[in-house]
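Chain and residue survey
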Amino acid sequence: MAAAGLVAGLVVACGPKDSAAGEAAVSGKPEKTSKPATAAPAKTPDSPAKTPGTPTTPPSPKPSGTAAGGAKALTCEQLRNASLDGGGLEGYGISGAALSAGRWEGADGVVIELQPQCAIGDITGDSAPDAVGALKISTGGTGKFYTLVTWRNDGGTPVPAAAAELGDRTPVVSIDFPSGGAPRQVTVVYRTRGDDDPAAVVTLTRTAVYEVSEPTMVELHHSDAPYTP
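So, a few notes on the structure that sits alongside this text. (Residues numbered from 1 in each chain as written. Predicted model: local features only at pLDDT ≥ 70, side-chain atom pairs only at ≥ 80, totals over all residues. Heavy atoms only, no water.)

**Structural notes on unusual backbone geometry**
- Cis geometry is found at the peptide bond from E214 to P215, where omega equals 10°.
- The topology assignment puts P215 in the loop between strand 8 (204-213) and strand 9 (216-226).
- Positive phi, normally seen in glycine, also occurs at R169, with a value near 55°.
- Topologically, R169 is positioned in the loop between strand 5 (157-168) and strand 6 (172-176).
- Its identity as a non-glycine residue notwithstanding, R184 has a phi of 65°, on the positive side.
- Mapped onto the secondary structure, R184 falls in the loop between strand 6 and strand 7 (185-192). (Helix = DSSP H or I, 4+ residues; strand = E, 2+ residues; numbered from the N terminus.)

Given below as structure tokens:
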């Protein structure tokens, strides 16, 4: 049964334009004067001419963690206190909720725990590195529902943008943006089972590729391999 259905309804939380080089600051003819004009002293250059062979100072390196365009990348650590509000998570009845040290607990016993698997990369297509992680949602019974989540990079703050349910008792093994892979796609490996297998066991390791189509993460394709605990 989909996680959203089981827990739906639960209570949760740059200045004026400079003159071009060589352009005079004032235009028009100079005023006439009855006195001979005094030659103005030669203007001292703002900086001495560069001596041939003088080494050029290299530009300062880009600060660590800063992506193209100046956007600061999210970190997996930020997710431990990230918002759970929106981004395809509305069906869980947790409007306004946020994780605290990687955990949130509702009044009705619903517990949401951030999983350790996490990847940083641009999956929303705006060149700002986002974060993809997973949540385990416990409803008080035997169900442990895993959900894949994309947190959009909003000026350095993780904001839920899209989600995909992985199923009941389907623990995540890894999340990765493969080097040289297709842009805006992420690979997720998790344990699952065949359609005819009991819900209490996992018999497959599934490798699935997702992309974001807000507010959901859409599976593009997957492959399965037998798994024995």
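**Some remarks on the pattern of salt bridges**
- Inspection of the entire model under this criterion finds eight salt bridges.
- Here D168 makes a salt bridge to R169, at a shortest N to O gap of 2.9 Å.
- For D168, a relative accessible area of 17% translates into the label buried.
- On the basis of relative accessibility, which here comes to 25%, the residue R169 falls in the partly exposed class.
- Three or more residues joined by partner-sharing salt bridges are found here, namely R103, E105, E113 and K136. (Salt bridge = Lys/Arg side-chain N within 4 Å of Asp/Glu carboxyl O. Buried < 20%, exposed > 50% of the residue type's maximum accessible area, 1.4 Å probe, protein only.)

**Examining the state of the cysteines**
- As enumerated under the stated definition, the model contains one disulfide in all.
- The disulfide bridge from C76 ends at C118, spanning 2.1 Å between sulfur atoms. The chirality of the disulfide connecting C76 with C118 is left-handed, given an S-S dihedral of about -90°. Of this pair, C76 sits in the loop between helix 1 (3-7) and strand 1 (103-105) while C118 sits in strand 2 (residues 111-121), placing them 42 residues apart in sequence. (Disulfide = S-S within 2.5 Å.)

**A few points about the environment of T124**
- Among the structural elements, T124 can be located in the loop between strand 2 and strand 3 (130-138).
- A relative accessible area of 12% means that T124 is categorised as buried.
- Sequence separation between T124 and R184 is 60 residues, and the spatial gap between their C-alpha atoms is 6.3 Å.
- The residues contacting T124, other than those within four sequence positions of it, are D130, T150, R152, R184 and E214. (Contact = heavy atoms within 4.5 Å.)

**Here's the deal with the side chain of R206**
- Residue position: R206 is located in strand 8.
- Take R206: its relative accessible area is 17%, and that puts it in the buried class.
- A distance of 2.7 Å separates a polar atom in the side chain of R206 from a polar atom in the side chain of D224.
- If we skip the residues at most four places from it in the chain, R206 touches V188, V189, Y190, T192, H222, S223 and D224. (Polar contact = N/O pair within 3.5 Å; in protein donor to acceptor, adjacent residues only side chain to side chain.)

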